[in-house]
Amino acid sequence: MSFDGHPSAGPSGAAPLAEQPLLEAVGLSVRFPMPKKSPFADRDYLHAVRGVNFKVHAGRTLGVVGESGSGKTTTAMAAVRLTEAYDGAVMFEGRDVLKMGPEALRKQRRDMQVIFQDPYSSLNPRDRVGAIVREPLDLMDVGERKDRADRVKELFSLVGLRPDQMALFPHQFSGGQRQRISIARALATNPKLIVCDEPVSALDVAIQAQVLNLLRRLQDQFGLSYLFISHDLGVVQFICDDIAVMYLGEIVEYADRPTLFAAPRHPYTAALLDAAPSLARRKSAGYSRAGAVKGDPPSPMNLPKGCAFAGRCPRAQPRCKDEKPMLRPLEGAKVACHFPLEG
Amino acid sequence: MDPLLSVRDLKVEFDTRHGRVTALAGISLDVMPGETLGIVGESGCGKSITALAMMGLIPNPPGHLTDGQIVFEGEDITRASPRRMRQLRGRDISMIFQEPMTSLNPVFTAGDQIAEAIMLHQDVSKKEAWEEAVELLRVVGIPEPRRRAASYPHEMSGGMRQRVMIAMAISCRPKVLIADEPTTALDVTVQAQIFDLMRDIQEKFGVAIVMITHDMGAIAEMADRVAVMYAGRVIEQGRADDILDDPRHPYTSGLIGCIPALGREAASAERLPPLAEIPGVVPPLHLLGAGCAFADRCPLVHDRCRRERPPLAPHGMAAQEFLGGHAVACHAAEREIAA
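Residues numbered from 1 in each chain as written. Chains lettered and ligands numbered in written order. Predicted model: local features only at pLDDT ≥ 70, side-chain atom pairs only at ≥ 80, totals over all residues. Heavy atoms only, no water.

Annotation of chain B in UniProt includes, under Sequence similarities (unreviewed entry), the sentence "Belongs to the ABC transporter superfamily." UniProt lists a comment for chain B under the heading Subcellular location (unreviewed entry), and it reads "Cell inner membrane". (UniProt positions renumbered as here; feature names shortened; annotations may be inferred.)

Looking at an unreviewed UniProt entry, one finds chain A named Peptide/nickel transport system ATP-binding protein and attributed to Albimonas pacifica. In its Sequence similarities (unreviewed entry) section, the UniProt entry covering chain A states "Belongs to the ABC transporter superfamily."

This is the structure in structure tokens:
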């Protein structure tokens with residue numbers, strides 16, 4: 001099972017792997033300028049994403065998981081050019097999205113849509129929701145004008161809303177329903193890729209289950225690919241086929257779902273799994289965490305020379321502080337760690 | 001053992017643009033000394049209002065505590081004067097809030113804010129209070145507590161701010177600590193640290209904790225007993241293990257079923273099966289009818305559920321008697337028990 005060719009999709013239920021990934025990021029880097037300390041000082045940059053590589057295959061879901069500040073959202077936004085990258089390439093069906101001119105990019109956006117985290121701020125409160133879902137059709141000139149009203153109706157049914165709700169405003173819907181509207185809007189242009197940026201983290205758990213099931217049904221129905229950003233490992237394990245774990249702007253572990261969850265190799269991945277609350281860990285059984293991670297992530301403005309996780313890592317050795325571990329293949333996964341966990 | 005804090009038939013109403021809405025429709029809870037009671041439910045179920053009521057912090061207007069009692073060590077605090085409540089609050093019953101960023105004052109140092117809480121309730125000098133604040137920061141696991149006491153909230157991470165909140169909350173050795181979604185704003189590794197800290201503090205000081213959360217995983221890890229709330233009522237209550245392993249209310253089992261499985265046990269090459277869903281949404285409080293509020297979403301619904309609201313204590317048990325036992329407000333569950 002080579003990782004570059006991709007672990008076999010096999011019985012996972014996901015689409016089989018095509019030769020060429022739908023989207024491939026190579027050395028993708030994003031930095032943000034910081035305010036100058038004085039007019040003559042050199043400008044400092046916050047390196048939010050530092051040279052990440054990943055592939056999203058047709059019909060499959062790549063999950064990017066990490067804590068706040070890990071660069072997971074910035075990575076996804078750079079991949080669809082809602083944030084400008086300063087280095088690297090993002091190949092979408094063989095063409096570099098980062099090099100496209102405005103017109104080519106606008107056309108390209110038909111194929112790559114986004115569902116945002118906050119269903120309260122991502123829908124214009126002054127527009128009727130039918131108009132919100134229709135807008136991408138008009139903007140990107142999809143289909144015949146006269147058919148668009150029917151298309152919007154169809155989209156409403158697809159996401160489990162009633163067509164008679166089209167004339168309502170966003171505030172008349174609950175959070176879960178608003179996220180369904182966002183999904184309908186993202187589906188409108190028949191995209192190949194949808195970037196889902198924490199699409200369920202603002203929702204109650206019962207509503208979260210409804211939306212996750214819906215996303216998976218739509219993926220099966222339309223052969224969609226998802227680039228799925230989440231901090232919740234349970235959600236990622238449910239919906240993703242491949243997973244990239246990010247820490248401070250870099251991918252520290254990259255594997256397919258069964259490999260990653262059966263045996264996390266990076267101590268940070270293991271720590272995330274250990275920290276996530278689970279029904280199996282009971283106070284009554286005197287549950288306590290053995291390898292709990294201490295402290296907070298270091299500031300991205302002041303990164304250590306060696307491994308960024310070394311200061312919090314229970315397995316850290318002197319070498320980890322001096323020498324930065326590169327992401328390298330390890331038994332079907334890729335891990336950036338000098339002392340990975342046993343498989 | 002007598003409960004430390006008892007809530008009996010507590011009813012809270014709010015004035016809204018839909019008229020007067022019942023946010024808490026007569027709930028009863030007991031908090032035993034030194035235990036953790038988890039209150040779990042979705043947004044709008046009334047769990048945070050319950051916490052605020054226990055602190056005497058229901059905003060009035062628009063809120064009205066219209067019926068019921070909250071008895072703390074024999075005293076009904078719903079009738080306590082504002083002056084008496086100020087004595088109790090922070091000293092005997094204290095609270096940590098969801099958002100450590102907004103619940104600390106940005107223009108005072110951490111040490112100042114903790115010292116203020118100490119001086120409010122104890123007869124100590126400013127210097128003694130400051131020393132105690134440094135000690136508390138050490139207890140809650142803040143490195144270099146003396147230097148950190150002089151830091152402002154914006155100089156701290158979210159996890160550290162929540163530790164400061166906890167230090168403040170335990171500064172007067174309260175008997176009850178109410179934690180309203182204490183880790184929702186935090187990353188999962190930091191959440192784990194805060195949970196560990198709360199368990200440590202409970203062990204060290206014997207404080208009873210009321211933990212408000214929407215997360216069944218947090219309940220499993222933190223709670224001895226659980227009350228599940230839905231639309232302003234407690235619909236199931238019992239020991240945490242009973243609730244998690246043998247939920248009787250269809251809503252409780254739905255809440256447990258819709259959590260994605262995590263970790264090695266679910267690491268099959270097969271795709272995981274679809275999540276169990278609870279169809280629909282929580283009904284708006286101003287549209288609740290006479291029957292069970294969950295009836296429209298319930299897989300076990302029958303005619304009686306829409307006509308008649310099931311009481312929490314079946315078989316005529318008083319609230320006191322089912323303490324430690326397992327109570328459920330559901331006609332279907334009652335049928336099952338009778339059968």
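Focus: the interface of chain A and chain B
With 50 residues of chain A at the contact, the number on the chain B side is 54 residues. Between chain A and chain B the total buried area reaches about 4,300 Å² when both faces are included, carbon and sulfur atoms providing 52% of it. For the pair chain A and chain B, the number of links is four salt bridges. We note a salt bridge from A:Arg282 to B:Asp245, for which the minimum N-O separation is 2.9 Å. Between chain A and chain B we count 21 residue pairs in polar contact (both at pLDDT 80 or more) in total. (Contact = heavy atoms within 4.5 Å. Buried area = accessible area lost by both parts, 1.4 Å probe. Salt bridge = Lys/Arg side-chain N within 4 Å of Asp/Glu carboxyl O. Polar contact = N/O pair within 3.5 Å; in protein donor to acceptor, adjacent residues only side chain to side chain.)

So, the sheet that holds strand 5 (residues 95–96) of chain A
Adjacent strands of a sheet pair through backbone hydrogen bonds, lying either parallel or antiparallel. Residue and element names in this part refer to chain A. Judged by pairing direction, the sheet is antiparallel, and its four strands sit side by side in the order 2-1-4-5 without closing on themselves. The two strands at the open ends of the sheet, each matched to only one other strand, are strand 2 (45–56) and strand 5. Bridge count for strand 4 (residues 87–92) against strand 5 is two bridges, and the pairing is antiparallel. Bridging across to strand 5, phenylalanine 92 finds its partner in arginine 95. (Pairing = 2+ DSSP bridges. Helix = DSSP H or I, 4+ residues; strand = E, 2+ residues; numbered from the N terminus.)

Here's the deal with the sheet that holds strand 1 (residues 5–16) of chain B
All names here are of chain B. With respect to topology, four strands assemble into an open sheet ordered 2-1-4-5, the strand pairing being antiparallel. A single partner strand is all that each edge strand has here, and the edge strands are strand 2 (19–31) and strand 5 (75–76). Looking at chain direction, strand 1 and strand 2 are connected through 10 bridges and run antiparallel. Its bridge partner lying in strand 2, serine 6 is registered against aspartate 30.

A closer look at the layout of surface pockets
Unfilled space is identified by rolling a water-sized probe across the atoms. Its volume calculated, the second largest pocket comes out at about 1,100 Å³. Around the second largest pocket, the lining comprises 47 residues; the ones closest to its centre are A:Gly295, A:Asp296, B:Arg163, B:Val190 and B:Gln193. Elements with a contribution of two residues or more to the lining of the second largest pocket: helix 6 (145–149), helix 7 (158–169) and helix 8 (188–205) of chain B. Looking at the lining of the second largest pocket residue by residue, the classes come out as 19 nonpolar, 12 polar and 16 charged. (1 Å grid on protein atoms, 1.4 Å probe; cavity = no way out; pocket = protein on both sides within 12 Å on 5 of 7 lines; lining within 4 Å. Points joined across faces, edges and corners; volume = space filled by probe spheres on them. Nonpolar A, V, L, I, M, F, W, Y, C, P; charged D, E, K, R; others polar.)

Points about the nonpolar core
Most often, soluble globular proteins keep nonpolar side chains buried together rather than apart. All names here are of chain A. Ile183 and Leu218 are the most contacted members of the largest nonpolar core, which totals 95 residues. Of the residues forming this core, the biggest block, nine residues, is contributed by helix 6 (residues 205–222). Apart from the residues lying within four places of it in its own chain, the contact partners of isoleucine 183 are Ile115, Val159, Val211, Leu214, Leu215 and Leu218. (Core = buried A, V, L, I, M, F, W, Y, C linked by side-chain atoms within 4.5 Å. Buried < 20%, exposed > 50% of the residue type's maximum accessible area, 1.4 Å probe, protein only.)

A short note on helix 5 (residues 175–187) of chain A
All names here are of chain A. With 13 residues, helix 5 extends 18 Å between its outermost C-alpha atoms, agreeing within 8% with the 18 Å of an ideal straight helix rising 1.5 Å per residue. Within helix 5, 12 of the 13 residues are buried, which leaves the element mostly enclosed by the surrounding structure. The elements touched by buried residues of helix 5 are strand 6 (112–115), helix 3 (129–139), helix 4 (148–158), strand 7 (193–197) and helix 6. (Expected span 1.5 Å × (residues − 1).)

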